[in-house]
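Below are the chains, spelled out letter by letter.
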Protein chains: 2
Amino acid sequence: MSNIKNDLLLKALRGEEVSRPPVWMMRQAGRYLPDYIKLRQKYDFFTRVETPELACEITLQPVDQVGVDAAIIFSDILVIPQAMGMEVLMEEGKGPLLPSVIKNEADIDNLITDATEERLSYVMNALSLTKQELNGRVPLIGFAGAPWTLLCYMVEGKGSKTFDKAKQFCFTQPALAHKLLQKITDVTIKYLKAQAVAGADLVQVFDSWSGMLSPADFKIFAQPYLVQIADAVSKDVPVILFPKGSWYALEDLSHTSAAGLGLDWSVTPSLARQLTGNRLTLQGNFDPSKLLAPIPQIKKEVKEMIDGFGINRYVANLGHGILPNVPVDHARAFVDAVKEYGS
Amino acid sequence: MSNIKNDLLLKALRGEEVSRPPVWMMRQAGRYLPDYIKLRQKYDFFTRVETPELACEITLQPVDQVGVDAAIIFSDILVIPQAMGMEVLMEEGKGPLLPSVIKNEADIDNLITDATEERLSYVMNALSLTKQELNGRVPLIGFAGAPWTLLCYMVEGKGSKTFDKAKQFCFTQPALAHKLLQKITDVTIKYLKAQAVAGADLVQVFDSWSGMLSPADFKIFAQPYLVQIADAVSKDVPVILFPKGSWYALEDLSHTSAAGLGLDWSVTPSLARQLTGNRLTLQGNFDPSKLLAPIPQIKKEVKEMIDGFGINRYVANLGHGILPNVPVDHARAFVDAVKEYGS
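What you see is a predicted model; the values in this text were computed from it and never measured.

Q: Pulling in residues and values, what's your account of the confidence of the model for chain A?
A: Detailed reading of the predicted coordinates is not advisable wherever pLDDT falls low. When pLDDT is averaged across chain A, the result is 97; 99% of the residues are at 70 or more. What the predictor reports for the complex is a pTM of 0.97 with an ipTM of 0.96.

Here's what the structure looks like:
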């Protein structure tokens, strides 16, 4: 039994009845919070990520200031390519840059796949410290990027509207792509298991770019690796998969060992339920831009969203990360609207 | 009766039986063709768009060099905001910039909505000249941006990963948004009707950013205006609607007066047919990045795509614009694979 006081999120993922849905927001520990911006002015990105005290402080901010039902550790999906030996530069407001991309088999062979826990010990330390500081108030979420999304960055070297270099690599050298995806998968499984040991009560796998793939290519380059991760890590903690843009994969993924599926706002609640048949918990899917609407409208649409999904087997969230230009009281209105549901 | 020798595209849009599907490629007159790049080095973007001889030459290049079954006039969706009085800058390789965006009702009131044909006479001249030069070889396609997509640029001022400023405008000032969308719609209808008079045998409406909207918001801010345009312009020429990313709208849009619906590659042929019930012609939906795959693989997957859609009521195309880094012989392989289908 859990000794977490507010365990709504864990109950929802187990399919237990709840009085109201739990709520958290992707990127809730971040750029819309003035206290985060203050820290950003003092410490650069990787200092914030790699210093457990800073990561812990940032992780707790939205729990204290916005009232979410879960904390998600402040980190980045690109710590895995970094731990595998690739250089990752992060320029504030510009997105990531990986100067030496994966081009051939030698590059893949040179990737480091052992000592993942040691190389990422700062994440484990941040989780342990945060777990202690949370003192059982709410569950702590760990996370990683999905193999396909990490391949995108490791091959393309930066963000892209099309990730066509990454796709070209996959389409022209599929055997190499699968070798790379398997290496990322193996490291990610070790990483997420270590996160569970360090204090994560559940984990989410972000496949931010899966929607770039056709349904057929998703089944080749994304799905098998998501399934491997869900199968391996579910033995330790519940796993939420978030294949952004891949509504076409919801039915397949509802038959895996994942406890939850994250949704973006292109899917209606009723269709998502229809595709997943209440086999697992759904999470999402408020358009992040709608937090820029007037507060009464936010509250009205949150209510409609919960009406659509129902109270049980549901986690209220956005359909993607919160935008930097969202006023804090609008973020709070989103959270409050979920908490007020039905009352 | 049409006096066009290769009228496969018009037949497909009328639902008539064809020996094989017609094929063209979005952005086929453009950046992957060496002869286009030569012209780009000599003339800036708006010179190419506004000089009928240049626009005509560029429009014909893929007909001559790649063998597509239709020509699409070389132009840009932002000629409409320009004709409505907004400044549009186009920096090569950087995307558009509109320095003075729409902020309030006065900005909307100041937009020019009359003399659209005169202000865009260079497009009509380019169409007439191209029609003449084509000499009935293949049909000529005209086009415009959809009102929602044009609003995105007119309010945001440039491309965006989220178009959250445009959405904020819509969510906080819906009455103004609808006033703007209606003005764009009125001008677009006049523009497309004038294109038909000038020689366009059919037109396509590009809603490039409709997939940013939730299904509910699409019905509010995109669909009514697409329907108005389809209803008005279908009286003159067949209309293809391309709501990129809005697979959720396919069923609704199949009940409009549109002759065709463009699809991106996130939808399988079978689901698209299921949603649209053979009520109209489907167009698409090859992943543009897949043209970077080896030629045998392109040919194999084109065959599978046509197997999926069937020969009739189908137009082979990409799911978005052709990428600049596609080798010309790969583009030709795509076209050839369609032409060889079944033989």
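Q: Requested: an account of the pairing of strand β9 (residues 314-318) of chain A, with residues and values cited.
A: Residue and element names in this part refer to chain A. The buried fraction of β9 amounts to 5 of the 5 residues, a majority that puts the element mostly inside the structure. Because side chains alternate across β9, one face comprises the buried residues Tyr314, Ala316 and Leu318, and the other comprises Val315 and Asn317, equally buried. Relative to β9, strand β8 (residues 281-286) is paired through 5 bridges, and the arrangement is parallel. Paired with Phe286 across the bridge in β9 is Leu318.

Q: So what's going on with the pairing of strand β4 (residues 140-145) of chain B? Which residues, and what values?
A: Two faces, one strand: in a regular strand the side chains alternate between the faces of the sheet. All names here are of chain B. The buried fraction of β4 amounts to 6 of the 6 residues, a majority that puts the element mostly inside the structure. Burial along β4 is two-sided: the residues Leu140, Gly142 and Ala144 and Ile141, Phe143 and Gly145 are all buried. The pairing of strand β1 (residues 71-72) with β4 spans 2 bridges and is classified as parallel. In the sheet register, Ile72 faces β4, and the bridge partner there is Ile141.

Q: Residue-level account of the relation of the copies chain B and chain A, with values.
A: Under the fitted operation, chain B is carried onto chain A by 0.0 Å of movement along the axis and a turn of 180 degrees, and the coordinates agree to an RMSD of 0.0 Å. The relationship between the two copies is best expressed as a two-fold rotation axis. Residue Lys161(B), judged by its C-alpha, is the member of chain B lying nearest the rotation axis, at 4.2 Å. Take the interface residues of chain B: 100% of them recur as interface residues in chain A, which is what a same-surface contact looks like.

Q: If you had to explain the sheet that holds strand β5 (residues 202-207) of chain A to someone new, which residues and values would you point to?
A: Residues and elements named next belong to chain A. The strand order across the open sheet built from 7 strands is β1-β4-β5-β6-β7-β8-β9, with neighbouring strands paired in parallel fashion. Either end of the sheet is taken by a strand with one partner, and the two such strands are β1 (71-72) and β9. Across the sheet, helix α8 (residues 121-134) lies against β1 and β4 (140-145), angled at about 155 degrees from β4, the strand it touches most.

Q: Tell me about α8(A), residues and numbers included.
A: Residue and element names in this part refer to chain A. In a regular helix each residue adds 1.5 Å, so 14 residues correspond to 20 Å; α8 covers 20 Å between its end C-alpha atoms and thus fits that length. Taken residue by residue, α8 has Val123, Met124, Ala126, Leu127, Thr130 and Leu134 as its buried positions. Relative to the axis of α8, the buried residues are bounded by an arc of 160 degrees and lie together on one face. Residues of α8 that are buried sit in contact with α4 (52-65), β1, α5 (79-83), α7 (116-119), β4 and α11 (174-198). Immediately beyond the C-terminal end of α8, within one or two residues, lies Asn135, with a positive phi of roughly 55 degrees.

Q: Give a detailed account of the nonpolar core, specifying residues and quantitative values.
A: Residues Leu151(A), Leu151(B) and Val203(B) are the most contacted members of the largest nonpolar core, which totals 249 residues. Look past the residues within four positions of Val203(B) in its chain and what remains in contact with it is Ile141(B), Gly142(B), Phe143(B), Ala144(B), Leu192(B), Gln195(B), Val233(B), Val237(B) and Val239(B).

Q: Go over the interface of chain B and chain A, please, and point to the residues and values.
A: Between chain B and chain A, the contact holds 22 residues from the first and 22 residues from the second. The greatest single-element share of the side of chain B that touches chain A, amounting to 5 residues, is contributed by helix α10 (residues 164-172) of chain B. Residue composition of the side of chain B that touches chain A, by class: 8 nonpolar, 10 polar and 4 charged.

About the criteria used
Residues numbered from 1 in each chain as written. Chains lettered and ligands numbered in written order. Predicted model: local features only at pLDDT ≥ 70, side-chain atom pairs only at ≥ 80, totals over all residues. pLDDT = per-residue confidence, 0-100. Buried ≥ 20, exposed ≤ 12 C-beta atoms within 10 Å, placed from the backbone. Helix = DSSP H or I, 4+ residues; strand = E, 2+ residues; numbered from the N terminus. Pairing = 2+ DSSP bridges. Least-squares fit on C-alpha atoms with pLDDT ≥ 70 in both. Contact = placed C-beta atoms within 7 Å. Axes fitted to C-alpha atoms, helices over the stretch in contact; angles between N-to-C directions. Expected span 1.5 Å × (residues − 1). Arc of directions from axis to C-beta. Core = buried A, V, L, I, M, F, W, Y, C linked by C-beta atoms within 7 Å. Nonpolar A, V, L, I, M, F, W, Y, C, P; charged D, E, K, R; others polar.

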